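One-letter residues, chain by chain:
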2 protein chains.
Amino acid sequence: MLERMIQKRPPWLVASPGVPAIAISTRIRLARNIEAFPFPGRCSDDQRRDVISAVTEAAKGATALRTAQLLMIEALTPVDKQLLVERRLASPEFVRQAAPAALLVTPDETCSIMINEEDHLRMQVLRPELHIDHAWSSVDELDTQLEESLQYAYSSRFGYLTACPTNVGTGLRVSVMLHLPALVHEHKIGGVISAVGKIGIAVRGFYGENSEAQGHLFQVSNQVTLGRGESDIIRQLQQIVGRIIDHEAKLRETLIKNAPHQIRNDVGRAFGTLKYAEILTSQEATELLSVLLMGIDLHVFDEIDRATVSQLMIDTQPAHVQILCGKELTTEQRDLERARIIRERLNTRADHA
Amino acid sequence: MLERMIQKRPPWLVASPGVPAIAISTRIRLARNIEAFPFPGRCSDDQRRDVISAVTEAAKGATALRTAQLLMIEALTPVDKQLLVERRLASPEFVRQAAPAALLVTPDETCSIMINEEDHLRMQVLRPELHIDHAWSSVDELDTQLEESLQYAYSSRFGYLTACPTNVGTGLRVSVMLHLPALVHEHKIGGVISAVGKIGIAVRGFYGENSEAQGHLFQVSNQVTLGRGESDIIRQLQQIVGRIIDHEAKLRETLIKNAPHQIRNDVGRAFGTLKYAEILTSQEATELLSVLLMGIDLHVFDEIDRATVSQLMIDTQPAHVQILCGKELTTEQRDLERARIIRERLNTRADHA
């Protein structure tokens with residue numbers, strides 16, 4: 001399954017034609033625990049295996065997981081583990097642990113459950129673009145169907161109980177990935193982060209908690225769930241995300257109006273470097289591809305189609321490069337192979353154009 | 001004449017096929033003064049005009065100047081003046097002065113005399129590659145023929161007298177332009193400059209005195225002429241230049257052997273940036289073109305022929321860009337037009353390849 005995974009474009013990355021491309025994807029996750037077991041951090045290995053069995057059994061009744069497969073984390077190679085992180089199906093902490101843990105995931109990757117992460121269940125729904133309502137109804141249905149077989153840890157006073165107090169209550173985290181090159185370019189992203197931080201909204205890098213922003217990609221998500229209802233959390237996040245998108249869109253218009261040559265220059269240089277570099281780190285590749293995306297969205301660049309670029313943002317991550325090459329690679333080898341993959345795809349497209 | 005000038009490739013830049021391309025060109029100049037006049041700095045305008053007449057008259061007897069034209073500096077536009085500097089036919093100080101001064105120059109630019117620079121005559125011969133003997137015999141013949149009509153200021157004790165003591169004696173400066181990207185890349189150029197400095201050899205930037213190195217181009221020349229014969233100066237410079245060329249050549253071999261990907265990476269990125277940038281300063285263009293030249297010389301790059309690249313190193317200088325565009329331009333406009341010219345030429349060549 002993991003080898004097949006990188007052959008195709010994740011559905012949550014497929015943007016509709018004509019839709020403003022600032023919101024890349026929407027992710028909703030629910031944290032749940034089973035009443036009969038201690039939190040994973042305090043479970044024995046046997047108990048953790050029982051949790052995996054219980055969740056897998058319950059998942060048979062869930063419509064969204066009909067086609068899901070079970071991946072035992074201990075059976076995965078280091079590259080496969082990293083691949084799951086890069087595909088946003090697993091947290092780095094989840095795949096790093098030695099104790100029994102498993103991932104239930106559908107072939108299209110839009111629905112998954114980390115079993116024995118910090119909580120027994122971390123169920124996740126991924127959707128392209130800004131579709132919070134759609135993602136919410138999917139994960140809510142999944143949660144309801146699982147609850148028919150699982151007795152969740154629940155307090156009538158606090159709501160759903162979780163290992164970390166920040167998740168107690170709804171266990172809900174709504175997270176929208178935004179592409180914000182203009183806010184970064186104009187040094188306004190810091191102001192946005194601190195402003196929304198004051199009302200309990202976090203802006204994080206591509207890989208979530210503690211990660212740096214890469215390629216001008218930011219995850220905007222709610223910080224706190226305790227004492228708030230799901231609809232309240234969702235409505236607030238929709239408002240904030242809408243405002244950030246407006247800000248980015250206006251800034252892009254201003255940039256292209258006031259500094260068209262500078263934008264064309266940035267985009268052209270990014271393309272030239274990607275097309276002819278022999279060595280490219282993951283971070284540089286992501287950042288240059290992000291600039292190209294902006295160029296395409298602003299209609300100043302059309303030598304490459306958007307799908308090729310956003311696919312490369314996924315495929316040039318370290319584990320993806322190794323799986324595309326069919327072997328483990330050192331950092332130096334990855335940087336060479338990454339540049340080769342990019343050169344080939346950009347040249348192919350350029351010839352077609 | 002000045003408009004015509006940039007249509008063609010200066011003959012001193014035309015390298016023979018197969019010749020190691022480290023030595024770009026050889027220049028020899030002789031400083032001479034006419035006994036009957038004070039040095040130019042102390043001449044009245046009338047005296048300076050008389051000097052111009054005397055030199056022009058004497059030049060009629062010089063074989064090398066048969067086709068030469070006389071350009072009065074005061075009649076030139078600022079752009080034309082800058083063009084002469086960029087073509088290495090005039091010093092910045094020479095074209096900057098308001099007092100009467102003139103340039104005698106052959107259409108192929110290989111032979112010229114600045115009249116009323118620091119000295120009454122600064123005669124110059126330019127040759128492609130490393131041809132010190134050839135250049136010397138040309139300038140020596142020119143000097144002899146001029147001396148038939150002109151009474152030079154000469155002291156039997158010191159030799160030829162010049163305005164600046166550093167030129168007293170032979171008035172000779174031999175100067176070889178070297179392309180030294182590997183020495184720069186490996187941070188060894190500083191050591192070379194200080195070592196040869198101790199034995200009276202100067203290593204300067206592209207435009208001579210007080211100028212910074214651009215595009216890894218360095219002029220190596222003798223500092224002192226007093227108390228030394230011409231053949232002594234020439235022999236020493238030939239030796240030193242030969243050693244620097246060997247050093248650069250060996251370092252290039254080492255680089256391509258030990259770090260082939262790094263070299264290809266540098267060269268590829270330079271090409272990509274030149275091909276797709278929308279804004280390019282003169283300095284950045286020269287440096288990137290220089291990296292391309294190295295790539296071509298090291299046989300790691302063949303998308304563009306060497307002649308196109310070395311021609312662009314000339315044509316992307318500020319006055320050249322303005323004359324190619326047929327009008328005066330601001331710095332911002334020049335950076336845009338420079339990038340456009342480069343994009344066009346690189347794309348044309350790539351299509352032919």
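Residues numbered from 1 in each chain as written. Chains lettered and ligands numbered in written order. Predicted model: local features only at pLDDT ≥ 70, side-chain atom pairs only at ≥ 80, totals over all residues. Heavy atoms only, no water.

**What to know about the overall build of chain A**
1) Next: Of the regular secondary structure elements, chain A holds 13 helices and 10 strands.
2) Next: Rg of the C-alpha trace for chain A: 21 Å, near the compact-globule value of 20 Å for 353 residues, within the 12% margin.
3) Next: Scored against the burial criterion, the 353 residues of chain A give a buried share of 56%.
4) Next: Residue pairs in contact within chain A that sit at least 24 positions apart in sequence constitute 70% of those at least 6 positions apart.
5) Next: For chain A, the accessible area works out to roughly 14,900 Å², and carbon and sulfur atoms hold 51% of it.
6) Next: Here chain A holds 39 positive side-chain charges and 45 negative ones, and the gap between their average locations is 3 Å. (Helix = DSSP H or I, 4+ residues; strand = E, 2+ residues; numbered from the N terminus. Rg over C-alpha atoms; globule rule 2.2 N^0.38 Å. Buried < 20%, exposed > 50% of the residue type's maximum accessible area, 1.4 Å probe, protein only. Contact = heavy atoms within 4.5 Å. Areas by Shrake-Rupley, 256 points an atom, 1.4 Å probe, with all protein chains shown as cover. Lys, Arg positive; Asp, Glu negative; His and termini not counted. Charge placed at Lys NZ, Arg CZ, Asp CG, Glu CD.)

**Looking at the interface of chain B and chain A**
1) Next: Each side of the interface is counted separately: chain B has 18 residues, and chain A has 18 residues.
2) Next: With both sides pooled, the region where chain B packs onto chain A buries about 1,500 Å², and carbon together with sulfur makes up 56% of that total.
3) Next: Between the two partners, chain B and chain A, sit 2 salt bridges.
4) Next: In this structure, the salt-bridge partner of Arg 269 of chain A is Glu 284 of chain B, at a minimum N-O distance of 2.8 Å.
5) Next: The greatest single-element share of the side of chain B that touches chain A, amounting to 11 residues, is contributed by helix α9 (residues 260–276) of chain B.
6) Next: Looking at the side of chain B that touches chain A residue by residue, the classes come out as 6 nonpolar, 6 polar and 6 charged. (Buried area = accessible area lost by both parts, 1.4 Å probe. Salt bridge = Lys/Arg side-chain N within 4 Å of Asp/Glu carboxyl O. Nonpolar A, V, L, I, M, F, W, Y, C, P; charged D, E, K, R; others polar.)

**Observations concerning the relation of the copies chain B and chain A**
1) Next: Each copy of the sequence occupies a distinct position, and chain B is placed on chain A by a rotation of 180° and an axial shift of 0.1 Å, giving an RMSD of 0.0 Å. A rotation of that kind, with that shift, is consistent with a two-fold axis. Residues of chain B ranked by C-alpha distance from the rotation axis are headed by Gly 272 of chain B, positioned 1.8 Å from it.
2) Next: A share of 100% of the interface residues of chain B reappears at the interface of chain A, consistent with the copies meeting face to face through the same patch. (Least-squares fit on C-alpha atoms with pLDDT ≥ 70 in both.)

**A closer look at the side chain of His 120 of chain B**
Residues and elements named next belong to chain B.
1) Next: Among the secondary structure elements, His 120 is positioned in the loop between β4 (111–115) and β5 (121–128).
2) Next: Polar contacts involving the side chain of His 120 include one to the main-chain amide nitrogen of Ile 34, which spans 2.8 Å.
3) Next: Reaching out from His 120, the side chain makes a polar contact with the backbone oxygen of Pro 38 at a distance of 2.6 Å.
4) Next: Here His 120 is in contact with Arg 32, Asn 33, Ile 34, Phe 37, Pro 38, Phe 39, Pro 40, Cys 43, Val 51, Met 114 and Ile 115, once residues within four sequence places are set aside. (Polar contact = N/O pair within 3.5 Å; in protein donor to acceptor, adjacent residues only side chain to side chain.)

**Looking at the pairing of strand β1 (residues 23–32) of chain A**
Residue and element names in this part refer to chain A.
1) Next: In terms of burial, β1 is a largely internal element, 10 of the 10 residues being buried.
2) Next: When β1 meets strand β8 (residues 172–179), the two strands line up antiparallel, connected through 7 bridges. When the bridges of β8 are listed, Leu 30 appears paired with Leu 172.
3) Next: Alignment of β1 against strand β5 (residues 121–128), held across 8 bridges, turns out to be antiparallel. Note on β5: the bridge partner recorded for Ser 25 is Pro 128. (Pairing = 2+ DSSP bridges.)

**Here we look at helix α7 (residues 189–197) of chain A**
Residue and element names in this part refer to chain A.
1) Next: Every buried residue belonging to α7 is among Ile 189, Val 192 and Val 196, and all of these are buried. Taken end-on, α7 shows its buried residues confined to a sector of 60°, consistent with a single buried face.
2) Next: Residues of α7 that are buried in the fold lie against α6 (181–185), β9 (201–204), β10 (217–222) and α8 (230–258). (Arc of directions from axis to C-beta.)

**Regarding the packing of aromatic side chains**
1) Next: Considering all chains together, one arrives at 8 aromatic pairs over all chains under this definition.
2) Next: When the centroid spacing of 4.8 Å and the interplanar angle of 80° are considered together, the rings of Phe 271 of chain A and Tyr 276 of chain B count as edge-to-face. Here Phe 271 of chain A is found in helix α9 (residues 260–276), whereas its partner Tyr 276 of chain B is found in helix α9 on a different chain. Note on accessibility: Phe 271 of chain A and Tyr 276 of chain B belong to one class, buried. (Phe/Tyr/Trp six-rings, centres within 6.5 Å; stacked < 30°, edge-to-face > 60°.)

**Considerations on the sheet that holds strand β8 (residues 172–179) of chain B**
Residues and elements named next belong to chain B.
1) Next: In spatial order, the strands read β2-β3-β4-β5-β1-β8-β10-β9; together these 8 strands make up an open sheet with antiparallel pairing. Lying at the two open borders of the sheet, with one neighbouring strand each, are β2 (69–72) and β9 (201–204). If you compare each strand with its neighbour and ignore which way they point, the axes differ by 20° on average. (Axes fitted to C-alpha atoms, helices over the stretch in contact; angles between N-to-C directions.)

**Digging into the pattern of salt bridges**
All names here are of chain A.
1) Next: Throughout the structure, instances matching the rule amount to 36 salt bridges over all chains.
2) Next: A salt bridge links Asp 232 to Arg 228; its shortest N-O distance comes to 3.2 Å.
3) Next: Overlapping salt bridges, with partners in common, bring together Glu 117, Glu 118, Asp 119 and Arg 122 in one network.

**What to know about the packing of helix α10 (residues 282–297) of chain B against helix α11 (residues 306–315) of chain B**
Residue and element names in this part refer to chain B.
1) Next: α11 packs onto α10 with a crossing angle of 155° between their chain directions and a minimal axis gap of 9 Å. Judged by the inter-axis angle, α10 sits roughly antiparallel to α11. Crossing of α10 against α11: the hand is left-handed. Residues Thr 286, Leu 289, Ser 290, Leu 292, Leu 293, Ile 296 and Asp 297 of α10 pack against Arg 306, Val 309, Ser 310, Leu 312 and Met 313 of α11.
2) Next: Across the contact of α10 with α11, the residue classes break down as 7 nonpolar, 3 polar and 2 charged. (Parallel < 35°, antiparallel > 145°, perpendicular 65-115°, else oblique. Left-handed = near helix turned anticlockwise from the far one by under 90°.)

**Description of a nonpolar patch on the surface**
1) Next: A contiguous nonpolar surface patch, about 250 Å² in accessible area, is contributed by Phe 158, Val 224 and Leu 226 of chain A.
2) Next: Looking at the element boundaries, Val 224 of chain A is found in the loop between β10 and α8. (Patch = residues over 30% accessible without salt bridge, like charges linked within 9 Å, V, L, I, M, F, W, Y side chains within 5 Å.)

**Here we look at the domain arrangement of chain A**
All names here are of chain A.
1) Next: One can read the domain layout of chain A as domain 1 (2–251) and domain 2 (259–352).
2) Next: Computed over C-alpha atoms only, the centres of domain 1 and domain 2 are separated by 27 Å.
3) Next: On the domain 2 side, the residues contacting the 24 residues of domain 1 number 24 residues.
4) Next: Between domain 1 and domain 2, roughly 2,100 Å² of surface is buried when both sides are summed, and carbon and sulfur atoms account for 63% of that area.
5) Next: Taken together, the connections running from domain 1 to domain 2 amount to 7 residue pairs in polar contact (both at pLDDT 80 or more).
6) Next: It is helix α3 (residues 78–86) that contributes the most residues to the side of domain 1 that touches domain 2, 5 residues altogether.
7) Next: A class-by-class count of the residues in the side of domain 1 that touches domain 2 yields 12 nonpolar, 6 polar and 6 charged. (Domains from an automatic or database assignment.)

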